[in-house]
Amino acid sequence: MSPSLKPYAWLSVAAALATIVLKGAAWWFTGSVGLLSDALESLVNLAGALMALTMLSVAETPADARHSYGHGKAEYFSSAFEGALILLAAGGIGYAAVQRLLQPQPLEAVDVGLAISVLASVINLLTARVLMRVGKAHHSITLEADAHHLMTDVWTSAGVILGVALAWSSGWLWLDPAIALLVAANIVWTGWRLLERSTAGLMDVALPDAELAALERALDGFRAHGLAFHALRTRQAGSRAFVSLHVLVPGQWTVQTGHDWAERIEAALRAAVPRAHVTTHLEPLEDPASLADATLDRPPST
């Protein structure tokens, strides 16, 4: 069984709380709308982290009679929720930036505010690296989405810090809200990508090309022994993958022989994609009916 990923969601919650306090203080000291936009995005980080914690708890619940394939798809709700929150935050940031463009205000205590913001960005960077490493290792879209969002926050903060510093040093106050608008546009892109990936998961998108290629390489070893395959179907459900295929074997084989080869095939496919649940269906090579069910919708029997 895979280890629980909830401690990493708690790490994300702690990082979000810390950066909210730090970035809120930076905005309070400077009055910068750019730093305000950065602080608002940290609120989104917190909401996303809490949702991630909830959905990881659901995803780790064992399969039951009503959910025989497990609860792994709960992770997609988390990433979709975070994507929606990001889009809402972008709207709020854009509104505040436009208001500041129309009514520019001087910045105060910029050196203190920027130093605090840099500290918050370092916290996000370190947290994102941990979440990305663990997310990729355990194929958790929830942790990967959180990590991508935090890295976007890091680059966003870098842009905001640069904009505020330029506005302060040059006296061009419009640079602060202008950078905030660019931040909002970047956040929209991130939110859209999260929603797109979540939708793909809920629509049972196939495994990535690299993993499909690994499955085919595993099957090639058995084709050399005269076996054939069709109806290979894959889907992703959170951290778990599902693989099903039909195995065509000589019709004169006994049930035991066919079963033994099916066991070897399933073991090879699990080795190619370690988190996969593999289901095989044996069919006789010589029977034309074996080819009739290669498609998802099998034609009616005649």
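In case you missed it, the structure is sitting above this.
So, a few notes on the structure that sits alongside this text. (Residues numbered from 1 in each chain as written. Predicted model: local features only at pLDDT ≥ 70, side-chain atom pairs only at ≥ 80, totals over all residues. Heavy atoms only, no water.)

## Some details on the overall build of the protein
The secondary structure content of the protein amounts to eight helices and three strands. Helices and strands appear in the protein in the N-to-C order α-α-α-α-α-α-α-β-β-α-β. For the protein, long-range pairs separated by at least 24 residues make up 75% of all intrachain contacts whose partners lie at least 6 apart in sequence. Accessible surface, the protein as shown: approximately 15,200 Å² in total, 66% of it carbon and sulfur. (Helix = DSSP H or I, 4+ residues; strand = E, 2+ residues; numbered from the N terminus. Contact = heavy atoms within 4.5 Å. Areas by Shrake-Rupley, 256 points an atom, 1.4 Å probe, with all protein chains shown as cover.)

## Let's talk about the sheet that holds strand β3 (residues 276-284)
The strand order β1-β2-β3 describes an open sheet built from three strands, whose pairing is mixed. For this open sheet the edge positions go to β1 (228-237) and β3, each flanked by a neighbour on one side alone. Ignoring strand direction, the axes of neighbouring strands in this sheet form an average angle of 10°. As judged from the eight bridges shared by β1 and strand β2 (residues 240-249), these two strands associate in the antiparallel manner. Across the sheet, residue His230 finds its bridge partner in β2, namely His246. Lying over the sheet, helix α8 (residues 255-272) contacts β1, β2 and β3, oriented at roughly 150° with respect to β3. (Pairing = 2+ DSSP bridges. Axes fitted to C-alpha atoms, helices over the stretch in contact; angles between N-to-C directions.)

## A look at the pattern of salt bridges
Within this structure, the stated rule accounts for four salt bridges. Among the ionic pairs, Arg223 bridges to Asp220, the shortest N-O distance being 2.6 Å. A residue pair is termed a helical-turn pair when its members lie 3 or 4 positions apart in one helix, as Arg223 and Asp220 do in helix α7 (residues 209-223) at three residues. Assessed through its relative accessible area of 42%, Asp220 is described here as partly exposed. Across the salt bridge formed by Arg270 and Glu266, the nearest N and O atoms sit 3.8 Å from each other. Linking Arg270 with Glu266, this pair stays in helix α8, spanning four residues, or about one helical turn. Counted as one network, the salt bridges with shared partners bring together Glu216, Asp220 and Arg223. (Salt bridge = Lys/Arg side-chain N within 4 Å of Asp/Glu carboxyl O. Buried < 20%, exposed > 50% of the residue type's maximum accessible area, 1.4 Å probe, protein only.)

## Notes on unusual backbone geometry
With phi around 55°, Ala231 is a residue other than glycine that occupies positive phi space. Here Ala231 lies in strand β1.

## Here we look at α7
Taking 1.5 Å of rise per residue, the 15 residues of α7 would be expected to cover 21 Å, and the 20 Å separating its terminal C-alpha atoms lies within 8% of that figure. The set of residues buried in α7 consists of Glu211, Ala214, Leu215, Ala218, Leu219 and Phe222. Buried residues in α7, looked at end-on, bunch into an arc of 135°, giving them a common side. For α7, the exposed residues set more than 90 degrees away from the buried face come down to Asp209, Ala210 and Arg217. On its buried face, α7 is in contact with β1, β2 and α8. (Expected span 1.5 Å × (residues − 1). Arc of directions from axis to C-beta.)

## Considerations on a nonpolar patch on the surface
A cluster of nonpolar side chains, namely Val98, Leu101, Leu102, Trp172, Trp174 and Leu181, defines an oily patch on the protein surface of about 610 Å² accessible area. Considering every element that reaches the nonpolar patch, the biggest residue donor is helix α3 (residues 74-102), with three residues. Take Leu102: it is sitting in helix α3. Assessed through its relative accessible area of 63%, Leu102 is described here as exposed. (Patch = residues over 30% accessible without salt bridge, like charges linked within 9 Å, V, L, I, M, F, W, Y side chains within 5 Å.)

## Brief notes about helix α1 (residues 6-30)
A rise of 1.5 Å per residue sets the reference length of α1, with its 25 residues, at 36 Å; its end C-alpha atoms lie 36 Å apart and thus fit the reference within 8%. Regarding α1, the residues found buried are Ala9, Ser12, Val13, Ala15, Ala16, Thr19, Ile20, Leu22, Lys23, Ala26 and Thr30. Two residues or fewer past α1, Gly31 is found with a positive phi of approximately 75°.

Scope: geometric values only; no functional claims are made or implied.
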